[in-house]
Amino acid sequence: MRLPRVTGRKALEDLIGKIGILPFFANELRGFSLEECVDPRYFFPDEGEGIWEWKGPAIQNTGCAYGKFFGKKAAFISREWFLDFANWRRDGYDFDALYEDGLARRSDKMVLEMITEQGSVLSKELKRLGNFRKGGNKGFDGIMTRLQMQGYVIVSNFEYEKDKEGRAYGWGLARYETPERWFGPAFRAHVYDKEPQKSEEAIFRHLKDLTGADEYKIRHFMKK
């Protein structure tokens with residue numbers, strides 16, 4: 001399947017809804033990324049919005065999840081497919097059970113508990129709450145990447161700081177929350193319905209249908 005050309009935010013939202021899984025950056029599955037199918041002028045446009053500004057609204061409007069899900073790189077995953085993704089990556093564990101079995105770090109548990117307690121929290125505030133600063137705790141980026149790769153945390157929006165005139169500036173700040181909160185009761189009720197291996201194979205078959213790539217490349221792309 002050749003991805004259609006993305007020429008605006010609405011086209012991005014339609015594509016996420018249609019294919020369910022969309023990596024942001026180019027990867028081993030050739031042609032299977034927003035980077036490769038977006039009109040190049042929207043990367044850093046001279047005026048108006050581009051792909052960086054589309055991310056937050058696309059997440060909000062489609063209800064998808066965004067995060068570092070494949071190869072520690074960003075992707076959009078629809079509500080439908082995130083059930084399988086989380087079930088597979090969690091391997092049947094909720095985080096407390098994972099920690100009790102010695103399979104998760106204390107630092108990860110601390111950060112996840114802060115996110116859960118806050119409901120949703122901007123990256124800047126989360127760093128403050130966790131004392132991730134010079135002379136304080138270290139490893140914030142690694143912690144957040146692990147929690148996203150494992151399916152316990154997602155990005156639900158990107159928000160911008162504003163100047164005195166109310167104009168947005170800089171890079172968007174990620175807003176983190178758990179998929180349990182973002183997707184609601186249906187997710188909590190059904191995330192562990194399948195055997196994790198069945199969810200893994202469902203994602204493999206879906207990626208095979210979307211890309212036509214060989215098994216080695218797809219398995220490598222999916223590697224935990």
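Preceding this section is the structure that the text describes.
This report concerns the structure included in the present document. (Residues numbered from 1 in each chain as written. Predicted model: local features only at pLDDT ≥ 70, side-chain atom pairs only at ≥ 80, totals over all residues. Heavy atoms only, no water.)

What to know about the overall build of the protein
Part 1 of the argument: Of regular secondary structure, the protein possesses twelve helices and six strands.
Part 2 of the argument: Compactness check: the protein gives a C-alpha radius of gyration of 18 Å against a globular reference of 17 Å for 224 residues, within 12% of the reference.
Part 3 of the argument: Burial status across the protein gives 48% buried among its 224 residues.
Part 4 of the argument: By sequence separation, contacts in the protein at least 24 residues apart represent 60% of the contacts at least 6 residues apart. (Helix = DSSP H or I, 4+ residues; strand = E, 2+ residues; numbered from the N terminus. Rg over C-alpha atoms; globule rule 2.2 N^0.38 Å. Buried < 20%, exposed > 50% of the residue type's maximum accessible area, 1.4 Å probe, protein only. Contact = heavy atoms within 4.5 Å.)

Some details on the environment of Glu-180
Part 1 of the argument: Locating Glu-180 in the fold gives a position in helix α9 (residues 179–183).
Part 2 of the argument: With eleven residues separating them along the chain, Glu-180 and Val-191 place their C-alpha atoms 9.1 Å apart.
Part 3 of the argument: Glu-180 has contacts with Arg-90, Phe-187 and Arg-188, leaving out every residue within four places of it along the chain.

Here we look at the pattern of salt bridges
Part 1 of the argument: All chains considered together, the criterion is met by 14 salt bridges.
Part 2 of the argument: In this structure, the salt-bridge partner of Arg-219 is Glu-200, at a minimum N-O distance of 3.9 Å. Residue Arg-219 is found in helix α12 (residues 215–222), and its partner Glu-200 is found in helix α11 (residues 196–211); the two are separated by 19 residues along the sequence.
Part 3 of the argument: Several salt bridges share partner residues, and in doing so they unite Glu-200, Glu-201, Glu-215 and Arg-219 into one network. (Salt bridge = Lys/Arg side-chain N within 4 Å of Asp/Glu carboxyl O.)

Side note on the side chain of Asn-27
Part 1 of the argument: Structurally, Asn-27 can be placed in the loop between β1 (21–23) and α2 (34–37).
Part 2 of the argument: From its side chain, Asn-27 meets the backbone oxygen of Phe-25 in a polar contact 3.2 Å long.
Part 3 of the argument: A polar side-chain atom of Asn-27 sits 2.8 Å from the main-chain amide nitrogen of Leu-29. (Polar contact = N/O pair within 3.5 Å; in protein donor to acceptor, adjacent residues only side chain to side chain.)

Observations regarding the packing of aromatic side chains
Part 1 of the argument: Counting across every chain of the model gives 23 aromatic pairs.
Part 2 of the argument: Each residue in the set Phe-24, Phe-25, Phe-43, Phe-44, Trp-52, Tyr-66, Phe-76, Phe-158 and Trp-171 is aromatic and connected to the rest through ring pairs, giving one cluster.
Part 3 of the argument: Cation over ring: Lys-109 sits above Tyr-99, and NZ or CZ is 5.3 Å from the ring centre. (Phe/Tyr/Trp six-rings, centres within 6.5 Å; stacked < 30°, edge-to-face > 60°. Lys NZ or Arg CZ within 6 Å of the ring centre and 35° of its normal.)

A look at the environment of Leu-83
Part 1 of the argument: Position of Leu-83 relative to the elements: it lies in helix α4 (residues 79–90).
Part 2 of the argument: You can call Leu-83 partly exposed: its relative accessible area is 27%.
Part 3 of the argument: Along the primary structure Leu-83 and Lys-198 are separated by 115 residues, whereas in three dimensions their C-alpha atoms are 12 Å apart.
Part 4 of the argument: Each residue touching Leu-83, except ones within four places of it in the same chain, is listed here: Phe-187, His-190 and Val-191.

What to know about the nonpolar core
Part 1 of the argument: Membership of the largest hydrophobic core comes to 69 residues, with the highest contact counts inside it found for Leu-34, Phe-76 and Phe-82.
Part 2 of the argument: Those residues in contact with Leu-34, other than ones at most four positions away along the chain, are Val-6, Leu-12, Leu-22, Pro-23, Phe-24, Ile-51 and Phe-76. (Core = buried A, V, L, I, M, F, W, Y, C linked by side-chain atoms within 4.5 Å.)

Brief notes about the packing of helix α1 (residues 9–19) against helix α3 (residues 51–62)
Part 1 of the argument: Where α1 contacts α3, the axes come no closer than 10 Å and their chain directions differ by 45°. Viewed along their axes, α1 and α3 adopt a mutual orientation that is oblique. For α1 against α3, the interelement crossing comes out right-handed. Contacts from Arg-9, Leu-12, Glu-13 and Ile-16 in α1 reach Trp-54, Pro-57, Ala-58, Asn-61 and Thr-62 in α3.
Part 2 of the argument: Of the residues belonging to the contact of α1 with α3, the class tally is five nonpolar, two polar and two charged. (Axes fitted to C-alpha atoms, helices over the stretch in contact; angles between N-to-C directions. Parallel < 35°, antiparallel > 145°, perpendicular 65-115°, else oblique. Left-handed = near helix turned anticlockwise from the far one by under 90°. Nonpolar A, V, L, I, M, F, W, Y, C, P; charged D, E, K, R; others polar.)

Regarding a negative patch on the surface
Part 1 of the argument: On the surface, a cluster of negative charge is made up of Asp-94, Asp-96, Glu-100 and Asp-101.
Part 2 of the argument: You can see Asp-96 is positioned in helix α5 (residues 95–100). (Patch = residues over 30% accessible without salt bridge, like charges linked within 9 Å, V, L, I, M, F, W, Y side chains within 5 Å. Areas by Shrake-Rupley, 256 points an atom, 1.4 Å probe, with all protein chains shown as cover. Lys, Arg positive; Asp, Glu negative; His and termini not counted. Charge placed at Lys NZ, Arg CZ, Asp CG, Glu CD.)

Thoughts on α11
Part 1 of the argument: Taking 1.5 Å per residue as the helical rise, α11 with its 16 residues ought to reach 22 Å, and the 23 Å between its terminal C-alpha atoms agrees with that figure.
Part 2 of the argument: Those residues of α11 lying buried are Pro-196, Ser-199, Ala-202, Ile-203, Phe-204, His-206, Leu-207 and Leu-210.
Part 3 of the argument: Of the residues trailing α11, Gly-212 is marked for its positive phi of about 70°. (Expected span 1.5 Å × (residues − 1).)

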